[in-house]
Amino acid sequence: MARTAETTSAETTVDPGEVERFARIAGEWWDPVGKFAPLHRLNPVRIGYIRDRVAEHWRRDALGGTPLAGLSLADIGCGGGLLCEPMRRLGATVTGIDAAADNIEVAALHAGRQGLAVDYRQSTAEALAAAGARFDIVLALEIVEHVADADLFLRSCSRLVKPGGLLFLSTLNRTAKAWALAIAGAEYVLGWLPRGTHDWRKFLKPSEVARSLRASELDVREIVGVVYSPLSRTWSLNRADLDVNYMLYATSRP
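From a predicted model like this one, the values you see are computed outputs, not experimental measurements. Within each chain, residue numbers correspond to sequence positions counted from 1 in written order. Whole-chain, interface and lining totals are the exception, using all residues; otherwise, since this is a predicted model, local features are given only for residues with pLDDT of at least 70 and side-chain atom pairs are given and counted only at 80 or more. Hydrogens and waters are ignored; side-chain quantities use all the structure's heavy atoms.

A. Expanded view of helix α6 (residues 150-159). To sort residues, take the accessible area from a 1.4 Å probe on protein chains only and compare it with the maximum for the residue type: under 20% means buried, over 50% means exposed, and anything in between is partly exposed. Helix and strand definitions follow DSSP, with helices as H or I runs of at least four residues and strands as E runs of at least two, each counted in order from the N terminus. The set of residues buried in α6 consists of L152, F153, L154, S156, C157 and S158. We call two residues in contact whenever any of their non-hydrogen atoms come within 4.5 Å of each other. In this fold, the buried residues of α6 make contact with β2 (72-76), α5 (125-130), β5 (135-141), β6 (161-172), α8 (206-215) and β7 (218-229).

B. Examining the pairing of strand β3 (residues 93-98) more closely. Judged by how many residues are buried, β3 sits mostly within the fold: five of six residues are covered. Each pair of strands is called paired provided DSSP finds at least two bridges between the two strands. With five bridges joining them, β2 and β3 adopt parallel strand pairing. Residue pairing across strands places L73 opposite V94, the latter belonging to β3. The crossover handedness rule: strands pointing away from the viewer, path from first strand over the helix to second strand clockwise, crossover right-handed. Handedness of the crossover is the feature at issue here: the chain leaves β2, passes through helix α3 (residues 84-89), returns alongside β3, and the resulting connection is right-handed. Judged from the four bridges that link them, β3 and strand β4 (residues 119-122) form a sheet pairing that is parallel. Along β4, the bridge assignment pairs I97 with R121. Once the chain exits β3 it traverses helix α4 (residues 101-114) before rejoining the sheet at β4, and the crossover so formed is right-handed.

C. Looking closely at the packing of aromatic side chains. Side-chain rings of Phe, Tyr and Trp, where Trp is taken by its six-membered ring, are said to pair if the distance between their centres is within 6.5 Å; with planes under 30 degrees apart they count as stacked, over 60 as edge-to-face, and otherwise as tilted. Counting across every chain of the model gives five aromatic pairs. Between Y49 and F168 the ring centres are 6.0 Å apart and the planes differ by 85°, which places this aromatic pair in the edge-to-face class. With Y49 in helix α2 (residues 37-57) and F168 in strand β6, this residue pair connects regions lying 119 residues apart in the sequence. Taken together, a centroid distance of 5.8 Å and an interplanar angle of 25° make the contact between F168 and Y249 stacked. Remark: Y249 occurs in strand β9 (residues 245-252) and F168 occurs in strand β6; sequence separation between them is 81 residues. Taking the relative accessible area as the measure of exposure, F168 reaches 0% and is therefore buried.

D. Spatial organisation of the pattern of salt bridges. Salt bridge, as applied in this entry: a Lys or Arg side-chain nitrogen positioned within 4 Å of an Asp or Glu carboxyl oxygen. Summed over the entire model, instances satisfying the criterion amount to 13 salt bridges. The residue K35 makes a salt bridge to E28 at a minimum N-O spacing of 3.3 Å. Residue classification places E28 among the partly exposed positions, given a relative accessible area of 25%. We note a salt bridge from K177 to D241, for which the minimum N-O separation is 3.4 Å. Taken as a pair, K177 in helix α7 (residues 176-189) and D241 in the loop between β8 (234-238) and β9 lie far apart in primary sequence, 64 residues in all. Judged by its relative accessible area of 36%, K177 falls in the partly exposed class. We classify D241 as buried; its relative accessible area is 18%. Among the ionic contacts, a cluster of salt bridges with common partners joins R53, E222 and R239.

E. Just the packing of α6 against α8, in detail. Direction vectors running N to C along α6 and α8 enclose 50°, while the axes themselves pass 9 Å from each other. As summarised for this structure, α6 and α8 are arranged oblique, according to the angle between their axes. The element α6 and its partner α8 pack so that their crossing is right-handed. Residues D151, L154 and S158 of α6 form the contact with α8, whose own contacting residues are V209, S212 and L213. Each axis is a line fitted through C-alpha atoms, and for a helix only the stretch in contact is used; angles between axes span 0 to 180 degrees, taken between their N-to-C directions. Between 65 and 115 degrees an angle is taken as roughly perpendicular, under 35 as roughly parallel, over 145 as roughly antiparallel, and anywhere else as oblique. Should the near helix be turned anticlockwise from the far one by less than a right angle, the crossing is left-handed, and should it be turned clockwise, the crossing is right-handed.

F. Layout of the nonpolar core. By convention a nonpolar core is built from buried Ala, Val, Leu, Ile, Met, Phe, Trp, Tyr and Cys residues, the set being connected through side-chain atoms within 4.5 Å. Counting residues in each nonpolar core, the largest one holds 40 residues, and the members touching the most others are M87, Y120, L139 and F168. Those elements giving two or more residues to this core turn out to be α2, α3, α4, β5, β6, β7 and β9. With seven residues, the top contributor of residues to this core is α2.

G. Molecular detail of unusual backbone geometry. For E142, which is not glycine, the phi torsion reads 55° and is therefore positive. Within the fold, E142 resides in the loop between β5 and α6. On the basis of relative accessibility, which here comes to 19%, the residue E142 falls in the buried class.

H. Region of interest: the environment of S123. Mapped onto the secondary structure, S123 falls in the loop between β4 and α5. Considered as a pair, S123 and A99 are 24 residues apart in the sequence and their alpha carbons are 5.2 Å apart.

Put into structure tokens, the structure is as follows:
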């Protein structure tokens, strides 16, 4: 499918170390038992949440087959396309953005094999915003904790949302529990993620994200926890537990 490279703006959210880290394992994006297995297990919850909130916002039938039809969507930090492909199947016109060329190559190749039209670009949120791109829906899932400048990233993502559109974001809370489970547990004890995947200092509290989005004229409508059950090996939404993983959506003011 389409694959292009774009220049970045003077200010950048790119952390070269993070880009290199994920580029080294780009070939494993679509291996459900490989290094990205946690994202494969998380995907059903993410997809369902986005589908349901989009359908509610635009008053559509969430189970009607293609509830995102006619809507433009950008996935920022798309990696190998784990979210782009299901969003396309739900009917959206999808643009996938990633700073790592290897990720874009893997994503475009996989989408092509599936017969899915996704516009993949090696770029950044700030470069896309500077070019004047705007979308009905912007996804920034499991990415803000890997950028060099979180404030610039959130401002740039906000600029990408059309008036009345939606921004979805998920990340990790900066709590002791998140350090214990997401870093010590997942990376060092259980080995679910490569060591060094996360830097606790880059985790953001929900209040910090909400404050930054408000400054960019987006209003947070909901914040929910995303909780993992080691017994069932599944993820689920939990409005009472925001201690580790959480997801939110916000609306752009008309």
